[in-house]
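Analysis of the macromolecular model
Spelled out from the first residue to the last, the chains are:
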Amino acid sequence: PECAVDICRFPCFDMYDKVVLVHNIYTKHWNNGTATLIAEYMSGFWKDCDQLEKEFIIFLNIIHDREPAGWFRRMFKGRGTTRESIEMRIEEIVQKTARSCPYLHVNLIQPLSPVKMSDVLDWRNVRWEIRKEALAEIEKMFKKNTPVTMEKIEGMLLEILNTHYCLRNQ
């Protein structure tokens, strides 16, 4: 598709009034071309969004790599692709898009903080009756009190949930 209006012609969207698109953008692949591509996507591809028959909700997930450990590695990581510079560039793109495409509403959401053991235990207390064995497994996920990615946490929690839910129903 050349523009957003073309997407509405896709048969897979016929039965939906709202469509959610998710784009993961990894900072380890970030360069000047990435910012240009995002700017063109926002202000070019979606410029005719006022003519759309459907509502589109688009997530541009900026996924930051872990910061290199130690001052020596951070010093040689590379200039211009720091978290701060990427966030400033995204902010510039959002402001420019707001001026050029008044029908395109863009909201920046602050980055999520790393998941901590207390977050998982709070979740467990509110949503899940759990055995002591499952609690021990959750505690193992945070052995060294280091941040763990949400993707990994979700996978481990799903495994624990399946194991203990299946045991409970036998």
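To start, this report covers the structure provided alongside it. Not measured: the values here are computed from a predicted model.

**Regarding the environment of K143**
Following the sequence through the fold, K143 ends up in the loop between α6 (132-141) and α7 (150-168). Taking the C-alpha atoms as reference points, K143 and M117, 26 residues apart in sequence, are found 9.5 Å from one another.

**Brief notes about helix α4 (residues 83-100)**
Over its 18 residues, α4 runs 26 Å from end to end, which matches the ideal 26 Å to within 8%, given 1.5 Å per residue. Three or more residues of α4 are buried, namely I86, I90, I93, V94 and T97. The arc that holds every buried residue of α4, seen down its axis, measures 100 degrees, which confines them to one face. Exposed and oriented more than 90 degrees from the buried face of α4 are E84, M88 and R99. Where α4 is buried, its residues meet α2 (32-45) and β2 (55-63).

**Thoughts on the pattern of salt bridges**
All told, the structure shown has 3 salt bridges when counted by the stated rule. A salt bridge links R9 to D6; the shortest N-O distance between them is 2.6 Å. Note on R9: relative accessible area 59%, which makes it exposed. We note a salt bridge from R89 to E92, for which the minimum N-O separation is 3.2 Å. Placement of the pair is R89 and E92 together in helix α4, with a separation of 3 residues, close to one helical turn. By relative accessible area, which is 43% here, E92 ends up partly exposed.

**Concerning the packing of aromatic side chains**
Taken as a whole and assessed by the stated rule, the structure comprises 6 aromatic pairs. Measuring from centroid to centroid gives 6.1 Å for Y41 and W46, while their planes differ by 90 degrees, and the two rings are edge-to-face. The same class applies to Y41 and to W46, which are both buried. Through successive ring pairs, a cluster of aromatic residues spans F10, F13, Y41, F45, W46 and F56.

**Let's talk about the state of the cysteines**
Under the criterion given, the structure shown has 0 disulfides. As a non-bridged cysteine, C8 has C3 as the owner of its nearest cysteine sulfur, 9.1 Å distant. Among the residues examined, C8 registers a relative accessible area of 11% and is labelled buried.

**Remarks on the nonpolar core**
Formed by 16 residues in total, the largest nonpolar core has its most connected members in I7, L21, F45, W46, L52 and F56. Looking at this core, the elements that each hand over two or more residues are α1 (4-7), β1 (18-26) and α2. In terms of residue count, α1 provides more of this core than any other element does, 3 residues in total. Apart from residues lying up to four places away in sequence, F56 is in contact with I7, C8, V19, L21 and W46. Core analysis: the next-biggest nonpolar cluster, separate from the first, contains 11 residues, V115, I138, F142 and I160 among them.

**So, the packing of α2 against α4**
Direction vectors running N to C along α2 and α4 enclose 25 degrees, while the axes themselves pass 9 Å from each other. Judged on the interaxial angle alone, α4 and α2 are roughly parallel. By crossing handedness, the relation of α2 to α4 is classed as right-handed. In this structure, α2 contributes A35, I38, A39, M42 and S43 to the contact, and α4 contributes R89, I90, I93, T97 and S100. Residue composition of the contact of α2 with α4, by class: 6 nonpolar, 3 polar and 1 charged.

The rules behind these values
Residues numbered from 1 in each chain as written. Predicted model: local features only at pLDDT ≥ 70, side-chain atom pairs only at ≥ 80, totals over all residues. Heavy atoms only, no water. Helix = DSSP H or I, 4+ residues; strand = E, 2+ residues; numbered from the N terminus. Expected span 1.5 Å × (residues − 1). Buried < 20%, exposed > 50% of the residue type's maximum accessible area, 1.4 Å probe, protein only. Arc of directions from axis to C-beta. Contact = heavy atoms within 4.5 Å. Salt bridge = Lys/Arg side-chain N within 4 Å of Asp/Glu carboxyl O. Phe/Tyr/Trp six-rings, centres within 6.5 Å; stacked < 30°, edge-to-face > 60°. Disulfide = S-S within 2.5 Å. Core = buried A, V, L, I, M, F, W, Y, C linked by side-chain atoms within 4.5 Å. Axes fitted to C-alpha atoms, helices over the stretch in contact; angles between N-to-C directions. Parallel < 35°, antiparallel > 145°, perpendicular 65-115°, else oblique. Left-handed = near helix turned anticlockwise from the far one by under 90°. Nonpolar A, V, L, I, M, F, W, Y, C, P; charged D, E, K, R; others polar.

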